[in-house]
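Here is what each chain is made of, one letter per residue.
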Amino acid sequence: MNNTFTNIQRAQVLTQALPYIQKYNGKIIVVKYGGNAMTDPELKEQVMEDIVLLWLIGVKVVLVHGGGPEINEVMNRYGKEAVFIDGLRVTDKETMDIVQMVLAGKVNKTLVNLLEMKGGKAMGISGMDGRLIEAKFKDEKLGYVGDITNINISAVTDLLEKGYIPVVSTIACDKDGNTYNINGDTAAAHIAGALNSERLIMMTDVAGILTDKNDPATLIPEVSISQIAELKQDGIISGGMIPKVECCVEALQKGVKNAVIMDGRVPHSILMEILTDEGAGTMVTEDK
């Protein structure tokens, strides 16, 4: 009897997901993958399962990733200390070589392998491939940290058309042969904008925008661009949440339909966001 009830429940869950499956079939979703969901092995498996499931139901998923903890680990091995200014890694030439090696190599290919193991068809590229992300020096004191000047999106659209899940590491180049370390959230916003994607999902280590940062029950489920200045003034949007919200606004201004900041620590949060009424996290929207 219990078994039958469980099967009925499963069938109901799938039926309730049907409108969302229809809505997102053939649409592009960009996922910025980082934080705890990237370092916790169990969460990592679940994120890959979510992405493959969405891919199997016809959603075109682009996975954009960073890899700060892995970069720190390799820098420690080389006896180099990580230095940050305003949350950005100071990147000299040797550090840039490490960043490139870790992001475009180990992290990128590990994620591709995981997606393939879960039954997906993935292809890893860096922002240097096909000059996907072009950049210039952001600030002399930061070294090889880049400001994005151009996105050449054809490498990603070609992979999507051929049925792949593109996995993008956030390093960039310029016409002089310099390589740059790019903030992952910023890169995801630019890529999502260039693709006119249906949704940008920013995975982070908080539930979203909270009126009380210590109480997940105070989550604000939706915020429009015009409300953001007031929330900043009131100190509700503060610290590390400010650049994330600004990236969401930039993505919307570049043509993304909506952007979500959500807690990557919640198992299967991507599926909750895409395939349920409640969603997950805070959605940033254009003013109605």
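Just so it is clear, the model here is predicted, and its values are computed rather than measured. (Residues numbered from 1 in each chain as written. Predicted model: local features only at pLDDT ≥ 70, side-chain atom pairs only at ≥ 80, totals over all residues. Heavy atoms only, no water.)

Trainee: How do you make sense of the pairing of strand E2 (residues 60–65) when you look at a structure like this?
Mentor: Sheet faces and side chains relate simply in a regular strand, where the side chains alternate between the two faces. Of all six residues in E2, five are buried, a share of seventy percent or more. In terms of strand pairing, E2 meets strand E8 (residues 165–169) through three bridges, oriented parallel. Pairing of His65 across the sheet is with Ser169, part of E8. (Buried < 20%, exposed > 50% of the residue type's maximum accessible area, 1.4 Å probe, protein only. Helix = DSSP H or I, 4+ residues; strand = E, 2+ residues; numbered from the N terminus. Pairing = 2+ DSSP bridges.)

Trainee: Would you mind showing me how to read unusual backbone geometry here?
Mentor: Residues apart from glycine generally show negative phi values, whereas peptide bonds are mostly found in trans. One non-glycine residue, Asn196, adopts positive backbone phi at about 50°. Its place among the elements puts Asn196 in the loop between helix H7 (184–194) and strand E11 (199–204). With a phi close to 55°, His268 is a non-glycine residue in the positive phi region. Structurally, the position occupied by His268 is in the loop between strand E13 (258–263) and helix H10 (269–275). Residue His268 is classed as partly exposed on the basis of its relative accessible area of 29%.

Trainee: What should I look at first to understand the pattern of salt bridges in this one?
Mentor: Where side chains of opposite charge bring their charged atoms close, a pairing between them can arise. Summed over all chains, the structure comprises 15 salt bridges. Across the pair Lys118 and Glu45 runs a salt bridge whose closest N-O atoms are separated by 2.5 Å. Of this pair, Lys118 sits in the loop between helix H5 (93–117) and strand E5 (122–126) while Glu45 sits in helix H3 (residues 41–56), and the two are 73 residues apart along the sequence. The partner of Lys118 in a salt bridge is Glu49, and the shortest N-O contact between them spans 3.2 Å. Here the residue Lys118 occupies a position in the loop between H5 and E5, and Glu49 occupies one in helix H3, the gap between them amounting to 69 residues. Lys118 gets classed as partly exposed once you look at its relative accessible area, which sits at 27%. Exposure remark for Glu49: the relative accessible area of 33% places this residue in the partly exposed category. In this structure, a network of salt bridges that share partners links the residues Lys32, Asp185 and Lys244. (Salt bridge = Lys/Arg side-chain N within 4 Å of Asp/Glu carboxyl O.)

Trainee: What is the right way to read the packing of helix H4 (residues 68–77) against H5 from this model?
Mentor: Relative placement of two packed helices is described by the angle separating their axes and the distance separating the axes. One can describe the packing of H4 onto H5 by two numbers: an axis separation of 9 Å at closest approach and a directional angle of 125°. One finds that H4 runs oblique with respect to H5. For the pair H4 and H5, the crossing hand works out as right-handed. Contacts between H4 and H5 involve Glu70, Ile71, Val74 and Met75 from the first element and Thr95, Ile98, Val99, Met101, Val102, Leu103 and Val107 from the second. (Axes fitted to C-alpha atoms, helices over the stretch in contact; angles between N-to-C directions. Parallel < 35°, antiparallel > 145°, perpendicular 65-115°, else oblique. Left-handed = near helix turned anticlockwise from the far one by under 90°. Contact = heavy atoms within 4.5 Å.)

Geometry only, nothing functional implied.
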